[in-house]
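Geometric and topological summary
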Amino acid sequence: MGDILIKNVMLVDALGERGLADVLIGEGRILSLEGGEAQRVIEGKGRFLAPGFLDLHAHLREPGQEVKEDLATGLRAAVRGGYTDLVSMPNTNPPVDTPEAVRALRKKAQALGLARLHPAAALTQGQEGKTLTEAGLLKEAGAPLLTDDGHTNEDAGVLAAGLLGAAAFGLPVAVHAEDASLRRGGVMNDGPLADLLGLPGNPPEAEAARVARDLEVLRYALRRAQARPHLHVQHLSTKRALELVREAKRAGLPVTAEATPHHLTLTEEALRSFDPLFKVAPPLRTGEDVEALIEGLLDGTLDAIATDHAPHTQAEKEMDLLRAPFGIPSLEVAFPLLYTELYRKRGFPLKRLVELFTDGPRKVLGLPPLHLEVGAEASLVLLDPKEHPVDPKAFASKARFSPWAGWILEGWPVLTLVEGRIVHEALE
Amino acid sequence: MKHLLDFQGWTRAEVESLLDTARVMAEVLERPVKKVPALQGFTVATVFFEPSTRTRLSFELAARRMSADVVSFAAATSSLQKGESYKDTLLTLEAMGVDAYVIRADAAGVPHQATRWVRGAVINGGDGRRAHPTQALLDAYTLLEALGGLEGKKIAIVGDILHSRVARSNAELLPLLGAEVWGAGPPALLPQSLPGVRLTPRLDEALAEADAVMVLRLQKERMEAGLVNLEDYIAHYQVTEARLKKAKPEAPLLHPGPMNRDVELEGTLADSARSLVNRQVHNGVAVRMAVLYHLLVGRER
């Protein structure tokens, strides 16, 4: 006797669309794909079931900025978005740069019983870019990767040492690749539109220049390290930087990369509204960049879609474009957004899309693939193709605004399970 | 016309109608009693999130010359950084019954944002690098006075085009009126492109046969940011008597002020007969009266 039976559901995972099944769940695992007795039966007809999503890049703001978001609202938003696992960024206040801080966050998140939290730790103490943190102890405490995200690693020597240090413990080092001196005060993509709108531009070359440098630093670390270093490039936004990563991968460098839902669906044109809702770092780029990123998803240059969920208060996002903070909240819409915009509208392969939310990010963290097979962990998401508009007022996140407000999307998560336990349910 | 934010989407006929009204207003300002009741019962707020003297005084005088009530709000940008919100300030004024808001801010787009929050007419009093439409209107008005018409006339704008809202607004407005607009400055102070404007780092090329020359202020912070070297700028981009020989004889000289004498402009030129600087300030009141009139009279309240 299982706990839950999801009947007549289409299975889809990184291996592909795998036909209809009656998925029996119990003891936190998939017990059978051919049905059986269960305490609860859920009709899966017309819906599809996928492994739970993993977000490599979310800002949950705890500790220190709980007015923007906290673990409870952030992880609630995550399960509503179909995420069973989430990596939180360490640029909190204070930054997460000690094993104690990592443990404290994990303990608190476990008590909430929502998505599983994997708190990334800072690469350098205080994220100041000077003194490295304790990679080994952070790994033992449960940090899945090290990053100074939110800050750019200006000192190449420190990054190199960080890569060497993290390599010994199998930890990836994730980088916010922007040359801050070239970016200066840029608030949108640099180019003719920024010139027209009179807004300071952040040039695409600022990203490419930093990615190029970081790849050279990686080459150095690779040559010097006994263990294999791993560089993960966060939120790629430009065609040129993407090409650099592609070449590096072809050359066999241990590099992975992610792209965000906003860089895949919006362009700099959104800034014509002068709405700080669209202010994000790196900035929204051109249509050509968006097309290049989608190509990068297809050919494997990009390993994962990561949200960069960055909640802020409404008042902050109603400041002007110079003062409003960077960031878009997106945990709750990421999958339906890309399901609709990429798969439904453009015929992007569903198998690959699901992979970019599941096995892709798992691989970046060195986790084994998670497929819909008997015996597999029942961390799952049931997705519904029914259309619904994006309604930020209904968000669980404290940031109840969205650049996609009113967009009609399909593929909403209606049931999320973590190890067989329902953590989100919106079945009609 | 509901708001005046910039000149995107404007037609030549709309601009000309506005400038015709400005001519009527200029005539009012020549009378012994410089006041008409056109805006009696209307309230105009000048909301300056960035300090300014001449634009604010010009707007306030324009509103008073038409018998509108005027309230004035000035906030230091430092208090904005402390979290004071534009929206709250504007909603407070809205609750007091303001009909038109003249908004000045150091960030591009604040007047655009304001139209989402208030029902009254929004007039861009200068927003960051984006636009300063009433300055462009008074520049156009002054140029029309001096040149008779702008069709086919070559206007050279010289200096820091990249960071200039005045340049951007003129770049939109003057071509609408038939002018050929050139922009010249050091490469680091030129945008990649501006629709309707021919950009060049060669001052002589922009000045050649120019019918009028508009000089922009060089701001200290550009030098501090390492974008320009002052001596080099003066040597190659200062508008001097000698360089002006490239332009048409008697080509008038405009400057939106305040001027750095002997930096962007040879000091003696500022006081010469070619300089229309004071005429620009004078015309500013009539032009702003016309803008307020067009936006408020006949508007649903």
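Below: a short report on this structure. (Residues numbered from 1 in each chain as written. Chains lettered and ligands numbered in written order. Predicted model: local features only at pLDDT ≥ 70, side-chain atom pairs only at ≥ 80, totals over all residues. Heavy atoms only, no water.)

Each helix and strand counted, chain B has 13 helices and 9 strands in total. Taking 19 Å as the expected radius of gyration for a compact globule of 301 residues, we find that chain B reaches 19 Å, a close match to that expectation. Counting only C-alpha atoms, chain B reaches 55 × 45 × 35 Å along its principal axes. Of all 301 residues assigned to chain B, the portion counted as buried reaches 59%. In chain B, the proportion of contacts linking residues at least 24 apart, taken out of those at least 6 apart, comes to 75%. Total accessible area on chain B stands at roughly 12200 Å², and carbon and sulfur atoms take up 51% of it. Charge separation in chain B, taken as the distance between the mean sites of 36 positive and 36 negative side-chain charges, equals 3 Å. (Helix = DSSP H or I, 4+ residues; strand = E, 2+ residues; numbered from the N terminus. Rg over C-alpha atoms; globule rule 2.2 N^0.38 Å. Buried < 20%, exposed > 50% of the residue type's maximum accessible area, 1.4 Å probe, protein only. Contact = heavy atoms within 4.5 Å. Areas by Shrake-Rupley, 256 points an atom, 1.4 Å probe, with all protein chains shown as cover. Lys, Arg positive; Asp, Glu negative; His and termini not counted. Charge placed at Lys NZ, Arg CZ, Asp CG, Glu CD.)

Tallying secondary structure elements over chain A gives 14 helices and 20 strands in all. Its C-alpha radius of gyration of 21 Å places chain A within 12% of the 22 Å reference for a compact globule of 428 residues. Viewed in the frame of its principal axes, chain A has a C-alpha envelope of about 60 × 50 × 40 Å. For chain A, the residues scored as buried account for 64% of the 428 residues in total.

Moving on, we come to the sheet that holds strand β10 (residues 173–175) of chain A. Residues and elements named next belong to chain A. Spatially, the 5 strands line up as an open sheet ordered β9-β10-β13-β14-β15, and their pairing is parallel. Edge positions in the open sheet fall to β9 (146–147) and β15 (304–305), since each of these has one partner strand only. Sheet analysis places β9 next to β10, joined by 2 bridges and oriented parallel. Counted as the bridge partner of Thr 147 is Ala 174 from β10. (Pairing = 2+ DSSP bridges.)

Below, the discussion takes up the interface of chain B and chain A. Reports often express the size of an interface as the amount of accessible area lost when the parts come together. Across the boundary between the two partners, chain B contributes 27 residues, which contact 19 residues of chain A. Across the chain B to chain A interface the summed buried area is about 1900 Å²; carbon plus sulfur atoms make up 51%. The shortest N-O distance in the salt bridge between Asp 106 of chain B and Arg 323 of chain A comes to 2.6 Å. Our count for the contact surface shared by chain B and chain A stands at 11 residue pairs in polar contact (both at pLDDT 80 or more). (Buried area = accessible area lost by both parts, 1.4 Å probe. Salt bridge = Lys/Arg side-chain N within 4 Å of Asp/Glu carboxyl O. Polar contact = N/O pair within 3.5 Å; in protein donor to acceptor, adjacent residues only side chain to side chain.)

Further remarks concern the sheet that holds strand β1 (residues 43–48) of chain B. All names here are of chain B. Judged by pairing direction, the sheet is parallel, and its 4 strands sit side by side in the order β2-β1-β3-β4 without closing on themselves. The open sheet has two free edges, formed respectively by β2 (69–74) and β4 (121–127), since each of these has just one partner strand. The average angle at which neighbouring strand axes cross in this sheet is 15°, direction not considered. Two elements, β1 and strand β3 (residues 100–105), share 5 bridges in a ladder whose sense is parallel. Within β3, the position partnered with Ala 45 by the bridge is Tyr 101. (Axes fitted to C-alpha atoms, helices over the stretch in contact; angles between N-to-C directions.)

Here the focus is the packing of aromatic side chains. Two numbers describe a pair of aromatic rings. These are the distance of the centres and the angle of the planes. All names here are of chain B. Counted under the stated rule, the structure contains 12 aromatic pairs over all chains. Seen from their ring centres, Phe 49 and Tyr 86 are 4.4 Å apart, and the 85° between their planes marks the pair as edge-to-face. Taken together, the residues span a long stretch of sequence, with Phe 49 in the loop between β1 and α2 (54–65) and Tyr 86 in helix α4 (residues 86–95) at a distance of 37 residues. Overall, the relative accessible area of 0% leaves Phe 49 in the buried class. (Phe/Tyr/Trp six-rings, centres within 6.5 Å; stacked < 30°, edge-to-face > 60°.)

A few words on the packing of helix α1 (residues 12–30) of chain B against helix α13 (residues 277–296) of chain B. Residue and element names in this part refer to chain B. One can describe the packing of α1 onto α13 by two numbers: an axis separation of 8 Å at closest approach and a directional angle of 120°. Classified by the interaxial angle, the pair formed by α1 and α13 is oblique. Seen along the crossing, α1 lies across α13 with a hand that is right-handed. Contact with α1, carried on its side by Ser 17, Leu 18, Thr 21, Ala 22, Met 25, Ala 26, Val 28, Leu 29 and Glu 30, involves His 282, Val 285, Ala 286, Val 287, Met 289, Ala 290, Val 291, Tyr 293 and His 294 of α13 and no other residues of that element. Partitioned by chemical class, the residues of the contact of α1 with α13 number 13 nonpolar, 4 polar and 1 charged. (Parallel < 35°, antiparallel > 145°, perpendicular 65-115°, else oblique. Left-handed = near helix turned anticlockwise from the far one by under 90°. Nonpolar A, V, L, I, M, F, W, Y, C, P; charged D, E, K, R; others polar.)

What follows concerns the nonpolar core. Counting residues in hydrophobic clusters, the biggest one holds 78 residues, and the most contacted among them are Val 233, Leu 236 and Leu 353 of chain A. Of the residues forming this core, the biggest block, 6 residues, is contributed by helix α7 (residues 204–224) of chain A. When neighbours within four sequence positions are excluded, Leu 236 of chain A is seen to be in contact with Glu 207, Val 211, Ala 241, Leu 242, Val 245, Ala 257, Glu 258, Ala 259, His 263, Leu 293 and Leu 302 of chain A. Counting residues in hydrophobic clusters, the runner-up holds 62 residues, among them Tyr 141, Leu 174, Leu 190 and Leu 276 of chain B. (Core = buried A, V, L, I, M, F, W, Y, C linked by side-chain atoms within 4.5 Å.)

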